[in-house]
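Chain residues, written in single-letter form:
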Amino acid sequence: MTTTFDTLQAGLTIEGTPFSPTRESIREFCEASLDFNPLHLDDEYMKGSFGKTNFGGIIMHGMNNFGVISKMLTDWLYPLGGEHRRLETRWKMPVKPGDTITPHGIVTGTQRTEKSRWATLDVTVLNQRGETVATGEAMVEFPHRD
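The structure displayed is predicted, hence computed values, not measured ones.

Chemist: Can you tell me about the packing of aromatic side chains, naming the residues and giving the values?
Modeler: Working definition: an aromatic ring pair is given by the centre-to-centre distance plus the angle between the planes. By the definition in use, this model includes 2 aromatic pairs. Where Trp 76 meets Phe 142, the ring centres are 6.2 Å apart and the plane angle is 85°; that geometry is what we call edge-to-face. Of this pair, Trp 76 sits in helix α3 (residues 62-77) while Phe 142 sits in the segment after β5 (132-141), and the two are 66 residues apart along the sequence. As far as burial versus exposure is concerned, Trp 76 and Phe 142 are alike and both buried. Cluster of aromatic residues (ring-pair linked, three or more members): Phe 5, Trp 76 and Phe 142.

Okay, here's the thing in structure tokens:
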């Protein structure tokens, strides 16, 4: 069954494409984002302690979680004529080279307005152990195409 806004209901789940960061992909993200924080590049630096946290090695940029969620939403929405409008996320734990993360979404509600049609989703990113690495909420629009 093809989902359209008219058939969209709370509880519908979507799953995104798994992503496995590597040292190379993390370095490439540093270059693309101009964020050269040693958290993402320097294993020696990351052997240190950050308050009560010790990461034990480099970690992926949190914005990569945002990217895998955005890809999931776009892959789902574009064929349906929808558009990704808002995404708020919270990072829960670090992602390291060798992890595999997968975004998930669940529709929590829909609303029609005079000008458009909207849906909200709770989003979660899980690692290969089923641990939550990021959570958030997305708002998507299904514009009228008159």
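Chemist: Describe in detail the nonpolar core, supporting the description with residues and values.
Modeler: Formed by 28 residues in total, the largest nonpolar core has its most connected members in Leu 73, Trp 76, Leu 121, Val 140 and Phe 142. Discounting residues that sit within four places of it in the chain, Phe 142 has contacts with Phe 5, Leu 8, Trp 76, Leu 77, Leu 80, Gly 81, Gly 82, Ser 116, Arg 117 and Ala 119.

Chemist: Explain the sheet that holds strand β3 (residues 102-112) to me, and be specific about the residues and the numbers.
Modeler: Here we have 5 strands laid out as an open sheet, ordered β1-β3-β4-β5-β2, and antiparallel in their pairing. The outermost strands of the open sheet, each flanked by one partner alone, are β1 (13-15) and β2 (83-91). In this sheet, neighbouring strand axes are inclined to one another by 20° on average, regardless of whether the strands run parallel or antiparallel.

Chemist: So what's going on with the side chain of Ser 116? Residues and values would help.
Modeler: Structurally, Ser 116 can be placed in the loop between β3 and β4 (117-126). Among the polar contacts listed, one links the side chain of Ser 116 to the side chain of Glu 141, at a separation of 2.5 Å.

Chemist: Could you give an account of a nonpolar patch on the surface, with specific residues and numbers?
Modeler: Taken together, the side chains of Leu 34, Phe 36 and Leu 41 present a nonpolar region at the surface, about 330 Å² in accessible area. The residue Leu 34 is located in the loop between α1 (23-33) and α2 (43-46) in this model. The class of Leu 34 is exposed, set by a relative accessible area of 67%.

Conventions and cut-offs
Residues numbered from 1 in each chain as written. Predicted model: local features only at pLDDT ≥ 70, side-chain atom pairs only at ≥ 80, totals over all residues. Heavy atoms only, no water. Phe/Tyr/Trp six-rings, centres within 6.5 Å; stacked < 30°, edge-to-face > 60°. Helix = DSSP H or I, 4+ residues; strand = E, 2+ residues; numbered from the N terminus. Buried < 20%, exposed > 50% of the residue type's maximum accessible area, 1.4 Å probe, protein only. Core = buried A, V, L, I, M, F, W, Y, C linked by side-chain atoms within 4.5 Å. Contact = heavy atoms within 4.5 Å. Pairing = 2+ DSSP bridges. Axes fitted to C-alpha atoms, helices over the stretch in contact; angles between N-to-C directions. Polar contact = N/O pair within 3.5 Å; in protein donor to acceptor, adjacent residues only side chain to side chain. Patch = residues over 30% accessible without salt bridge, like charges linked within 9 Å, V, L, I, M, F, W, Y side chains within 5 Å. Areas by Shrake-Rupley, 256 points an atom, 1.4 Å probe, with all protein chains shown as cover. Salt bridge = Lys/Arg side-chain N within 4 Å of Asp/Glu carboxyl O.

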